[in-house]
Amino acid sequence: MKTVINDPFFSRYKELVRTRMIPYQWKVLNDDIDIKIEKERNDASIPSEKSHAIENFKIAAGRTKGEHYGWVFQDSDVYKWLEAAAYTLKEHPDEDLKKITDEVVDLIAEAQEKSGYLNTYFTIMEPDHKYKRLGESHELYCAGHFIEAAVAYNQVTGSKKALDIAVKLADHIDSVFGPEDGKIHGCDGHEEVEIGLMRLYHLTGCERYMKLAEYFLLQRGQDPDFFKRQFREDTGKPAIGGLYNAPLTYFQIHAPILEQDSAEGHAVRLVYMCTALADVAASTGNKDIEAVCRRIWRNIVDKRMYITGGIGSTVNGESFTLDYDLPNDTMYCETCASIGLIFFARQMLRLDSNGEFGDVMERALYNTALSGMALDGRHFFYVNPLEVVPEKSEKDPTKSHVKIVRPDWLGCACCPPNLARLLASVEDYIYTDKGDTVLANLFIKSRMEKEYTGGKLTVQIDADYPRNGRISFTINNTGSAAAKVGIRIPGWSENTHAEVNGAGADITAESGYWYIEAESGETVVTLLLDMTPSRWYANPLVSEDVDKVSVTRGPQVFCAEGVDNGENLHLLSLPKTSELEYKWHDELLEGVGVIEADGFRTAISGQGGLYRKSGEAVTEPVKIRMIPYYAWANRGRNEMRVWLYEKG
Ligand code: FUB
Ligand code: ZN
């Protein structure tokens, strides 16, 4: 299947990745740019003087001398960048960039040890402590990211060099880990290698890699003391202080995988684990593993996900907490966690053609993932709040992780290159390939073609989405056999209409997909989604959102910013009955739709002291102005709020 996009909304992002993010991030990784790297929260131990990521490789390769600098997983910044760069080369062969990426691959090859081992921190700093502190070491996490990059690089460029390194690395890991006597019976503290191994399996067909991925996953929770025991027995110095005090849930090792049924612990770890689990289940047909994926998915979507598709309710361990605990101003909602949720949804679609997976993928993509980056492609959020008061972030230590303006870069830079690789490959999320059937999950203007058993199928999506809800699918089947295109009917669209070949048609959706039989020749299906701005309410058990309302349009969640509405956004209230007026503004924020509504602002003057007996508040009428959440914080230091009080 090959999909090429030409989309009013996402093509701008893809261009931004290619022309801004990739060159900018390359300079950052080489410490070749004058920027301010911010600590992700107030913690003196966070490395934030420089990236040093490429230099770490040069030292490990023996090209230069020095010490490793940065997080123990700093290598993964380079790998994610390499993967993103590879995707951009797909549509834009660029000799200069190709030269750089080839050189990076050469450098990585030199940093790889003869055995196949690859990790600059341990090679440089603690060569005798390899795999001895897996709870914190991220050795397999980094390996997974390299393998992913190598697979992408091979698929795009055809070059075998990166793939050879990856195969050597995977074979080395396979020789060290596994159930056999003499091997380490353990797994990494941060899931990721499993995703890489599965991608290597899909590319090479070598089942050993899938078996190893499955082994790592099923090993979780089998020996809950493993990380702590390794730590007690190892004499090296901890690379991430405090990680060993983390609860077992942080690493998803509190129970054997097949017994886990809720989203626990570090949010990125959890969704990466689930991505790999769903991939293994879809590839092997293992129903027990599939059941785990379904249980954890339900728990996330029904009880632990923000309306923006953000996940992770606390900075403490960047983790999930408990059902319905969704604070708006202290949460984590890491960009990587929403990216991981998109990965998870994509794999679930392989298992089950259910539109809910597409709905969640779209929610996370159009809201939290995009909010992770400024419109200029050069500033990034790690944490994506739903409510911000700048002074509170500046003065309240419990909110030091909630940035007000996106920094140039972060001490822990996991998110920026992760977003680059997602956006650079966004076309791969539009469809799920099911042989003679394809599922159209996202409404991105694009052309897809694929060979199937009966011939060739092409689908041209024409859309200006999410600005406009009219989506047309021109389906061409040049084959003799029947093929089907399943079009997602979004759960949020209350009144969806459709036409087939120009005539009104009834939509008969099965689990959120409307299947169009692509007869030989051309079929044109037009979907008219209900883009009326809507009010959404949280389950009453979400204490933070009681009496509050969130405004959405299509897949986008809207928010009020101080720059449009003045300070103290908590004084605003949006009556149930006021009309939500939508208008497109070309000149604003690279082009956005704005929703305006009549509301009220509680007056603060003349209300007495700190406390008073009369509960009567004086309000004045105001126009409330809201912009799409992804575009917030692009106009300076500013308050922001997604959930508004609903009164009147
Ligand atoms: O540990 C590696 C990455 O750094 C995680 O995925 C992020 O949450 C950040 O902690
Ligand atoms: Zn991240």
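For the structure itself, look to the data block above.
The sections below set out a description of the structure shown in this document. (Residues numbered from 1 in each chain as written. Chains lettered and ligands numbered in written order. Predicted model: local features only at pLDDT ≥ 70, side-chain atom pairs only at ≥ 80, totals over all residues. Heavy atoms only, no water.)

This part takes up the overall build of the protein chain. On a plain count of helices and strands, the protein chain comes out with 18 helices and 24 strands. Over its C-alpha atoms the protein chain spans a radius of gyration of 25 Å, differing by no more than 12% from the 26 Å that the globule rule assigns to 648 residues. Evaluated residue by residue, the protein chain yields a buried proportion of 60% over its 648 residues. By sequence separation, contacts in the protein chain at least 24 residues apart represent 71% of the contacts at least 6 residues apart. Summing over all exposed atoms, the protein chain offers an accessible surface of approximately 24,400 Å²; the carbon and sulfur share of this is 48%. Positive and negative charge centroids in the protein chain, built from 73 and 98 side chains respectively, lie 2 Å apart. (Helix = DSSP H or I, 4+ residues; strand = E, 2+ residues; numbered from the N terminus. Rg over C-alpha atoms; globule rule 2.2 N^0.38 Å. Buried < 20%, exposed > 50% of the residue type's maximum accessible area, 1.4 Å probe, protein only. Contact = heavy atoms within 4.5 Å. Areas by Shrake-Rupley, 256 points an atom, 1.4 Å probe, with all protein chains shown as cover. Lys, Arg positive; Asp, Glu negative; His and termini not counted. Charge placed at Lys NZ, Arg CZ, Asp CG, Glu CD.)

Turning our eyes to something else, we now look at the packing of helix 8 (residues 161-176) against helix 9 (residues 193-204). Following both chains from N to C, one finds helix 8 and helix 9 inclined at 120°, their axes separated by 11 Å at the closest point. By the criterion of interaxial angle, the relationship of helix 8 to helix 9 is oblique. For helix 8 against helix 9, the interelement crossing comes out left-handed. Where helix 8 abuts helix 9, its residues Leu163, Ala166, Val167, Ala170 and Ile173 lie against Val193, Leu197, Leu200 and Leu203. Broken down by class, the residue content of the contact of helix 8 with helix 9 amounts to 9 nonpolar, no polar and no charged. (Axes fitted to C-alpha atoms, helices over the stretch in contact; angles between N-to-C directions. Parallel < 35°, antiparallel > 145°, perpendicular 65-115°, else oblique. Left-handed = near helix turned anticlockwise from the far one by under 90°. Nonpolar A, V, L, I, M, F, W, Y, C, P; charged D, E, K, R; others polar.)

This next bit is on the pairing of strand 11 (residues 497-500). Strand direction decides the pairing type here: strand 11 and strand 15 (residues 521-528), joined by 4 bridges, are antiparallel. The partner of Glu499 across the bridge, within strand 15, is Thr526. Two elements, strand 11 and strand 12 (residues 503-505), share 3 bridges in a ladder whose sense is antiparallel. Along strand 12, the bridge assignment pairs Ala498 with Ala505. Linking two consecutive strands that pair antiparallel, namely strand 11 and strand 12, is a turn of 2 residues; a positive phi of about 50° is found at Asn501 within it. (Pairing = 2+ DSSP bridges.)

Moving on: helix 13 (residues 287-304). Here helix 13 contains 18 residues, and its C-alpha end-to-end distance of 24 Å stays within 8% of the 26 Å for a straight helix at 1.5 Å per residue. Within helix 13 the residues assigned to the buried category are Ile289, Glu290, Val292, Cys293, Ile296, Trp297, Asn299, Ile300, Val301 and Arg304. Buried residues along helix 13 sit against helix 10 (207-219), helix 12 (267-284), helix 14 (335-351) and helix 15 (355-371). You can read the cap of helix 13 off the contacts: a side-chain oxygen lies 3.0 Å from the backbone nitrogen of Asp288, and it is on Asn286. (Expected span 1.5 Å × (residues − 1). Polar contact = N/O pair within 3.5 Å; in protein donor to acceptor, adjacent residues only side chain to side chain.)

Another point: the packing of aromatic side chains. Two measures describe an aromatic ring pair: the distance that separates the ring centres and the angle between the ring planes. For the structure shown, the criterion picks out 30 aromatic pairs. Taking the centre distance of 5.0 Å and the plane angle of 80° together, the rings of Tyr131 and Phe177 count as edge-to-face. Of this pair, Tyr131 sits in the loop between helix 5 (120-124) and helix 6 (134-137) while Phe177 sits in the loop between helix 8 and helix 9, and the two are 46 residues apart along the sequence. Each member of the pair Tyr131 and Phe177 is classed as buried. Ring plane angle 80° and centroid distance 6.3 Å describe the contact between Phe443 and Phe473, whose orientation is recorded as edge-to-face. Of this pair, Phe443 sits in the loop between strand 6 (437-440) and strand 7 (446-452) while Phe473 sits in strand 9 (residues 470-477), placing them 30 residues apart in sequence. Given the relative accessible area of 0%, Phe443 is considered buried. Judged by its relative accessible area of 0%, Phe473 is buried. Above the ring of Tyr515, the side-chain terminus of Lys484 is found at 5.9 Å from the ring centroid. (Phe/Tyr/Trp six-rings, centres within 6.5 Å; stacked < 30°, edge-to-face > 60°. Lys NZ or Arg CZ within 6 Å of the ring centre and 35° of its normal.)

A word on helix 9. With 12 residues, helix 9 should reach 16 Å at 1.5 Å per residue; the first-to-last C-alpha distance of 16 Å fits that figure. In the core, the buried residues of helix 9 are packed alongside helix 3 (75-91), helix 7 (139-157), helix 8, helix 10 and helix 12. Just past helix 9, the residue Gly205 takes up positive phi, approximately 80°.

With that settled, consider the environment of Glu620. Counting through the fold element by element, Glu620 comes out in strand 22 (residues 619-628). Considering only alpha carbons, one finds Glu620 and Lys445, 175 residues apart in sequence, at a separation of 44 Å.

Protein coordination of the zinc ion (ligand 2) is provided by Glu334 (OE), Cys336 (SG), Cys414 (SG) and Cys415 (SG), with donor distances spanning 2.1 to 2.3 Å. One way to put it: the 4 donor atoms around the zinc ion (ligand 2) meet at angles of 94 to 116°, and that makes the site tetrahedral. Sequence spacing of the donor residues for the zinc ion (ligand 2), all on one chain, is E-x1-C-x77-C-C. Remark: Cys415 occurs in helix 17 (residues 415-424) and Cys336 occurs in helix 14; sequence separation between them is 79 residues. When its relative accessible area of 2% is taken as the criterion, Cys336 is described as buried. Residue classification places Cys415 among the buried positions, given a relative accessible area of 2%. (Donors = N, O, S within 2.8 Å, 3.2 Å for Na, K, Ca; no water. Tetrahedral: all angles 85-135°; square planar, octahedral: opposite > 155°, others 65-115°.)

Moving on to the pairing of strand 1 (residues 2-5). Within a regular strand, side chains alternate between the sheet's two faces. Residues Thr3 and Ile5 of strand 1 are buried on one face, while the alternating residues Lys2 and Val4, pointing to the opposite face, are not. With 4 bridges joining them, strand 1 and strand 7 adopt antiparallel strand pairing. Counted as the bridge partner of Lys2 is Glu449 from strand 7.

It is worth spelling out the nonpolar core at this point. Within the largest apolar cluster, 206 residues are counted, with the highest numbers of intra-cluster contacts made by Phe10, Phe146, Ile300 and Phe473. Top element by residues in this core is helix 12. It accounts for 12 residues. Among all residues touching Phe473, those that are not within four sequence positions of it are Ala440, Phe443, Val459, Gln460, Ile461, Ile487, Thr523, Val524, Val525 and Leu527. Listed in part, the 13 residues of the second largest apolar core include Ala560, Leu569, Leu574 and Ile624. (Core = buried A, V, L, I, M, F, W, Y, C linked by side-chain atoms within 4.5 Å.)

On to the site of ligand 1. Near ligand 1 you find Phe73, His138, Tyr141, His190, His266, Val268, Glu318, Glu334, Tyr382, Cys412 and Cys414, and these make up its full shell. Taking His190, its side chain carries an N or O atom lying 2.7 Å from an oxygen atom of ligand 1. Measuring from an oxygen atom of ligand 1, one finds a side-chain N or O atom of Tyr382 at 3.3 Å. Taken together, the residues that form the shell around ligand 1 break down as 6 nonpolar, 3 polar and 2 charged. (Near = heavy atom within 4 Å.)

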